[in-house]
Amino acid sequence: MAQNLFPVFDVPEITTPAAAAERKYRPSVYFDFDLGDFRRDGAGNMVQADGREAYKQWCLKVCMTERFTCLSYTTDIGTEMIGVLSQADRAAVESALERTINEALMVNPKTEYVRNFTFSWENEDLHCTFDVKGQDWEEQTLTLTIPR
């Protein structure tokens, strides 16, 4: 009997993770925005943030990152604050800010929606408050202060 020139073997079945596992929020290192550094405990070890807090911090970091300025990020990451703040009047600034924050946060497939934007001006500083909803969680209210 002739033997086959090429070996024959069964192709393994490729399994994909379950939908619930794909939506799981991963923990991260806690970043303290007031200090501008990672939070540390008394022993000097970095404190870990749970998945919900890590997602909230990701949202804030993306909003504070200027798009196209960090070579390590794709062009989808960040907001266009320089262009937003150069608008002629406050209504145009608010409209452009809402658009760029919405676009930046919707990049993450775990973000369901971004809405309920409110703006308040204090001298030249702009305070922007909005709601973000991640999958499997209730809305979180986030606040940004943008110096002009």
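Scroll up to find the structure.
Residues numbered from 1 in each chain as written. Predicted model: local features only at pLDDT ≥ 70, side-chain atom pairs only at ≥ 80, totals over all residues. Heavy atoms only, no water.

Draft legend 1. Local environment of the overall build of the protein chain. Helix and strand counts for the protein chain come out as four helices and seven strands. Going from the N terminus to the C terminus, the protein chain shows its helices and strands as α-β-β-β-β-α-α-α-β-β-β. Taken against the 2.2 N^0.38 rule, which gives 15 Å for 148 residues, the C-alpha radius of gyration of the protein chain at 22 Å runs more than 25% over that of a compact globule. Per-residue burial over the protein chain gives 32% buried out of 148 residues. Looking at the protein chain alone, contacts between residues at least 24 apart form 42% of all its contacts between residues at least 6 apart. (Helix = DSSP H or I, 4+ residues; strand = E, 2+ residues; numbered from the N terminus. Rg over C-alpha atoms; globule rule 2.2 N^0.38 Å. Buried < 20%, exposed > 50% of the residue type's maximum accessible area, 1.4 Å probe, protein only. Contact = heavy atoms within 4.5 Å.)

Draft legend 2. Region of interest: unusual backbone geometry. Despite not being glycine, Phe-68 has its phi angle at roughly 70 degrees, a positive value. Looking at the secondary structure, you find Phe-68 in the loop between α2 (51-64) and α3 (81-85). For Asn-116, which is not glycine, the phi dihedral falls at a positive 60 degrees. Mapped onto the secondary structure, Asn-116 falls in strand β5 (residues 111-122).

Draft legend 3. Region of the structure containing helix α4 (residues 90-105). Between the first and last C-alpha of α4 there are 22 Å, a value that for 16 residues agrees with the 22 Å anticipated at 1.5 Å per step. Every buried residue of α4 is listed here: Val-93, Ala-96, Leu-97, Thr-100, Ile-101, Ala-104 and Leu-105. For α4, the buried positions fall inside an angular range of 150 degrees around the axis, keeping them on one side. Elements that come into contact with the buried residues of α4 comprise α2, α3, β5, β6 (125-134) and β7 (140-146). (Expected span 1.5 Å × (residues − 1). Arc of directions from axis to C-beta.)

Draft legend 4. Up close: the side chain of Gln-140. As for its position among the elements, Gln-140 is in strand β7. When neighbours within four sequence positions are excluded, Gln-140 is seen to be in contact with Arg-52, Tyr-55, Lys-56, Phe-130, Asp-131 and Val-132.

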